[in-house]
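Notes for the structure review
One-letter residues, chain by chain:
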Amino acid sequence: MKKNTLLLAILLPLASIIAQSSTTIDRKVNNLLAKMTLEEKIGQMNQYNGFWNFTGPSPKGGDAAYKYQNLASGKVGSMLNVRGVKQVKEVQKIAVEQSRLGIPLIIGFDLIHGYETVSPIPLAESASWDIAAIEKSAALGAKEASAAGINWTFAPMVDITRDARWGRVMEGAGEDPYLGSLIAAARVRGFQGENLDDIHSIAACAKHFAAYGFAEGGRDYNTVDIGLNTLHNIVLPPFKAAADAGVKTFMNSFNDLNGIPATADRYLQREILKEEWGFDGFVVSDWGSLREMIDHGYAKDRKHAGELALNGGSDMDMESYIYLDYIETLLKEGKVSQAQIDDAVARILRVKFELGLFEDPYKYCDEEREKTVIGSKEILDGALDMAKKSIVLLKNEKQTLPLKKEGQKIALIGPLAADKNSPLGNWRIAAADNSAVSVLEGLNAYKGNAITHEQGVKLVNKIPAGFHEEVDINTTDRAGMEEAVAAAKEADVVVMVLGEYGFQSGEGRSRAHLDLPGFQQELLEKVHAVNSNIVLVVMNGRPLVLNWAAENIPAIVEAWHLGTQSGHAIAQVLYGDYNPSGKLPMSFPRSVGQMPLYYNQKSTGRPGADGEDAGSVFWSHYGDERNSALFPFGYGLSYTSFDYSDIRLSDNKMNRDGSITAQVDVTNSGKIDGKEVVQLYLYDHHASATRPTRELKGFKLIELKAGETKTVEFKIDQERLKFYNGAQKWEAEPGDFSLYIGTDSTTKRRADFVLQ
Ligand code: BGC
């Protein structure tokens, strides 16, 4: 009793402070709105790309002058891609000191995985299954970017995706909505911190709303056609999690969803997001996505696009200039309402107030802070820590790994072995080219072995200029192959670093083939023919088809694009100074023909046994490939081994409002300490809408000393069993359930219970 009273005594004033501060902000927003002209209101809904050259200001003629003038007259609410204290200050100064009301700009930037210091690509970070580490990584990114004047990131991307052909899988958390939701919330917390007006906090943006990851054929920007069941059960949960975590903004998406471009989708933006979820931040369009509705064949012209977008719930126009040009006319014609405009502007102003920009528009513009924070030891150490946690050990036979630290002749081979650019991955706008630690440098930091390095073959013909150029893969020049084979012959162990060039994944980087690009497969086989003692390090932004390697190479390390500290992280794993514990957040296919591939599939009316003769042709399968993944979701090895006991259920009946517990004992049965992700999957056998045969519903990342046993317990209650059902409601339905606990999504350790 006493405790409760004490708690109330603390909580009540706190609640009233929160309520007060939000009403204070509402009051400030309303006061300001009352002073604004229509033109100024529309200005807040307009966002421009930067018009500064990266090396210095150049607001000269043409487009730049037009934007400059608009900034000064209050016709711009936000800018993106203006970065660095000096440049941010300059645009902010124009907005604050020259416009009539001096409303500060909100400065947006794609802080996708770090700023100048690059952390692993988001897909890689997701492979850590370490929610606290992911949150910290986002927080460090925010710290560095905020020191460079940025106060809003277009991240996290929370698009669930099941198709490795889609290049943007590198930006997300993979294929699972449960894992994706936890990661979405963690990234929002990391970026926004405890208080948004903290100097290290920036506003986050959940994108792309919605279903962008379901582009047909994995081809970027392509049509999306999915039903309500998939939309609500698979696509929306991470967005909801981001909204619940207090994300301040949403970005809509380029795709059309079931015939309606997301930018104009009322159902998504108004009904679900703003009404049902009560989201009080603002929605920004994607780059030019208002204008693109004309190409979609949905808007007849730019003016019509503006009408559709505002009615659909898009509050800010990124780089279409359509709101600026047409809202006034649309209002006069009664095609949009004053209330819609006021609502959009109020949402934008609210976030600016919450960031503390009105109190000090230059709060992120401290040159001293910029110098000390960017590239600081704290941030570099964080990137290294996250990189190690992101690595997944896919195969390790004959104790090939860890490598011996002394007395070995190592041949380091492959076009990515000394590459200092690719490990940075895509979306690393602020990082200097070639600023990553390469694998060669990482291995050279260890002195005990003799390392010879051969590129083998060249991967690209010409280094692309950032993300604006197509990657030109070398398919003609085999120079270097012979030297690599010769070096391999002489070596005790060969470390091969193969995979995708850093800009081969990301926006606009869809692939129809998922194998090792260029001559890399040939190189691998030629080297293997003379020395099969190979450790294959794969660098990539998406799942690849690695069948031959999985069969023939004794050790495979999935090293993604791990960022600035890449080479050190990989070397520490190869030498056993860090015991890998990552688990795949996406299924790795056997063939591109399996796309879309995901573990949480439904049974179909014709289920069969994967890899076994089902005794008939007429079941859901391919005649020339297995159904299952080569490396499944949740899979990843360690240098030690873990044994699981059977599952103990507290009861095999559960009441609707009750709960049961499931326990397993996990033992580190190897000789070194290690970490394991203990995973819980559920299967609802029959329901008012068909359910996947298993769905991740919990996991625990545990550390076990060699020989140690820990009991891991999961509580199962109604919340974990709810889904968007046949009646279009989130409900748990009574009936038979199975529960699986194990080391990956294929575990057979099972217990059954009934929800009464
Ligand atoms: C991408 C967004 C990004 C925006 C601004 C678009 O092309 O789809 O994810 O935030 O550009 O750079």
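So, a few notes on the structure that sits alongside this text. (Residues numbered from 1 in each chain as written. Predicted model: local features only at pLDDT ≥ 70, side-chain atom pairs only at ≥ 80, totals over all residues. Heavy atoms only, no water.)

1. Details of the site of the ligand
Taken together, Leu80, Asp110, Phe154, Arg168, Lys207, His208, Met251, Phe254, Asp286, Trp287, Met318 and Glu507 make up the full set of residues near the ligand. The separation between an oxygen atom of the ligand and a polar side-chain atom of aspartate 286 is 2.6 Å. Between the ligand and glutamate 507 there is a distance of 2.8 Å, counted from an oxygen atom to a side-chain nitrogen or oxygen. The residue inventory of the shell around the ligand, partitioned by class, reads 6 nonpolar, 1 polar and 5 charged. (Near = heavy atom within 4 Å. Polar contact = N/O pair within 3.5 Å; in protein donor to acceptor, adjacent residues only side chain to side chain. Nonpolar A, V, L, I, M, F, W, Y, C, P; charged D, E, K, R; others polar.)

2. Let's talk about the nonpolar core
Core analysis: the biggest nonpolar cluster contains 189 residues, and Phe250, Met496, Val535, Trp560 and Leu574 have the highest contact counts within it. The element that contributes the greatest number of residues to this core is helix 13 (residues 338-354), accounting for 8 residues. Contact partners of tryptophan 560, with chain neighbours within four places excluded, come to Ile121, Leu123, Ala124, Ala127, Ser390, Val392, Val538, Met539, Asn540, Leu584, Pro585 and Phe588. In this structure, Met654, Val666, Val678 and Leu682 belong to the second largest nonpolar core, which totals 24 residues. (Core = buried A, V, L, I, M, F, W, Y, C linked by side-chain atoms within 4.5 Å. Buried < 20%, exposed > 50% of the residue type's maximum accessible area, 1.4 Å probe, protein only. Helix = DSSP H or I, 4+ residues; strand = E, 2+ residues; numbered from the N terminus. Contact = heavy atoms within 4.5 Å.)

3. A short note on the packing of aromatic side chains
When we look at a pair of aromatic rings, we describe it by the centre distance and by the angle of the planes. With the rule as written, the count across this model stands at 23 aromatic pairs. Aromatic side chains phenylalanine 109 and tyrosine 115 sit 5.4 Å apart centroid to centroid with 65° between the ring planes, which places their arrangement in the edge-to-face category. Each member of the pair phenylalanine 109 and tyrosine 115 is classed as buried. Measuring from ring centre to ring centre gives 4.4 Å for tyrosine 599 and phenylalanine 633, while their planes differ by 10°; the resulting arrangement is stacked. Here the residue tyrosine 599 occupies a position in the loop between helix 20 (566-574) and strand 19 (642-644), and phenylalanine 633 occupies one in the loop between helix 20 and strand 19, the gap between them amounting to 34 residues. The same class applies to tyrosine 599 as to phenylalanine 633, namely buried. An aromatic cluster is defined as three or more aromatic residues linked by ring pairs; in this entry it consists of Trp129, Tyr178, Tyr599, Phe633, Tyr681 and Phe699. In this structure, lysine 207 packs its charged tip against the face of tryptophan 427, placed 5.5 Å from the ring centre. The side chain of lysine 700 reaches across the aromatic face of phenylalanine 714, ending 4.9 Å from its centre. (Phe/Tyr/Trp six-rings, centres within 6.5 Å; stacked < 30°, edge-to-face > 60°. Lys NZ or Arg CZ within 6 Å of the ring centre and 35° of its normal.)

4. Description of the environment of lysine 447
Following the sequence through the fold, lysine 447 ends up in the loop between helix 16 (439-444) and strand 13 (450-454). In this structure, the C-alpha to C-alpha distance between lysine 447 and tyrosine 68, residues 379 residues apart in sequence, is 55 Å. Polar contacts involving the side chain of lysine 447 include one to the main-chain carbonyl oxygen of asparagine 444, which spans 3.4 Å.

5. What about the sheet that holds strand 23 (residues 674-684)?
Taken in spatial order, the 5 strands of this open sheet run 21-29-28-23-24, and their pairing is mixed. What marks the edges here is a single partner per strand, and that holds for strand 21 (653-654) and strand 24 (695-704). Looking at chain direction, strand 23 and strand 24 are connected through 9 bridges and run antiparallel. Looking across to strand 24, one finds that glutamine 679 is bridged to phenylalanine 699. (Pairing = 2+ DSSP bridges.)

6. Thoughts on the packing of helix 17 (residues 481-490) against helix 18 (residues 520-530)
Running from N to C, helix 17 and helix 18 point in directions that differ by 35°, and their axes come no closer than 8 Å. Between helix 17 and helix 18 lies a crossing of right-handed hand. Mapping the contact onto sequence places Met481, Ala484, Val485, Ala488 and Lys489 in helix 17 and Glu522, Leu523, Lys526, Val527 and Val530 in helix 18. Grouping the constituent residues of the contact of helix 17 with helix 18 by class yields 7 nonpolar, no polar and 3 charged. (Axes fitted to C-alpha atoms, helices over the stretch in contact; angles between N-to-C directions. Left-handed = near helix turned anticlockwise from the far one by under 90°.)

7. Looking at the sheet that holds strand 2 (residues 78-80)
The pairing of strands in a sheet happens through backbone hydrogen bonds and is either parallel or antiparallel. Spatial ordering of the open sheet is given by 4-3-2-1-10, a layout of 5 strands whose pairing is parallel. One side of each edge strand has no neighbouring strand; the edge strands of this open sheet are strand 4 (152-153) and strand 10 (317-318). Of the pairings in the sheet, the one linking strand 3 (residues 106-109) to strand 4 comprises 2 bridges and is parallel in character. Following the sheet pairing, phenylalanine 109 is matched in strand 4 by threonine 153.

8. So, a negative patch on the surface
A grouping of Glu194, Asp197, Asp198, Glu359 and Asp360 is seen on the molecular surface, where their side chains present a negatively charged patch. By secondary structure assignment, the location of aspartate 197 is in the loop between helix 7 (177-192) and strand 5 (205-209). (Patch = residues over 30% accessible without salt bridge, like charges linked within 9 Å, V, L, I, M, F, W, Y side chains within 5 Å. Areas by Shrake-Rupley, 256 points an atom, 1.4 Å probe, with all protein chains shown as cover. Salt bridge = Lys/Arg side-chain N within 4 Å of Asp/Glu carboxyl O. Lys, Arg positive; Asp, Glu negative; His and termini not counted. Charge placed at Lys NZ, Arg CZ, Asp CG, Glu CD.)

9. Things to note about the environment of glycine 742
Relative to the helices and strands, glycine 742 resides in strand 28 (residues 735-742). Taking the C-alpha atoms as reference points, glycine 742 and valine 537, separated by 205 residues in sequence, lie 26 Å from one another.

10. Digging into helix 8 (residues 228-244)
Compared with the 24 Å implied by 1.5 Å per residue over 17 residues, the 21 Å span of helix 8 between its first and last C-alpha is markedly short. When the local axis directions of helix 8 are compared, the greatest deviation, roughly 60°, occurs at leucine 236, which is followed within four positions by the proline proline 237. In terms of burial, helix 8 is a largely internal element, 12 of the 17 residues being buried. Residues Leu231, His232, Asn233, Ile234, Val235, Leu236, Pro237, Pro238, Phe239, Ala241, Ala242 and Ala243 constitute the buried set of helix 8. Within two residues after helix 8, glycine 246 carries a phi angle of roughly 90°, on the positive side. (Expected span 1.5 Å × (residues − 1). Bend = angle between axes of the 7 residues up to and from the residue.)

11. What to know about the pairing of strand 17 (residues 534-539)
Counted residue by residue, strand 17 has 6 buried out of 6 residues, so it is predominantly covered. Here strand 17 shows two buried faces, one formed by Ile534, Leu536 and Val538 and the other by Val535, Val537 and Met539. Sheet topology places strand 16 (residues 493-499) next to strand 17; 6 bridges connect them, and they run parallel. Residue glycine 499 lies in a different strand from strand 17, and its bridge partner there is methionine 539. Across 4 bridges, strand 17 lies against strand 18 (residues 555-558) in parallel orientation. If you follow valine 537 over to strand 18, its bridge partner there is valine 557.

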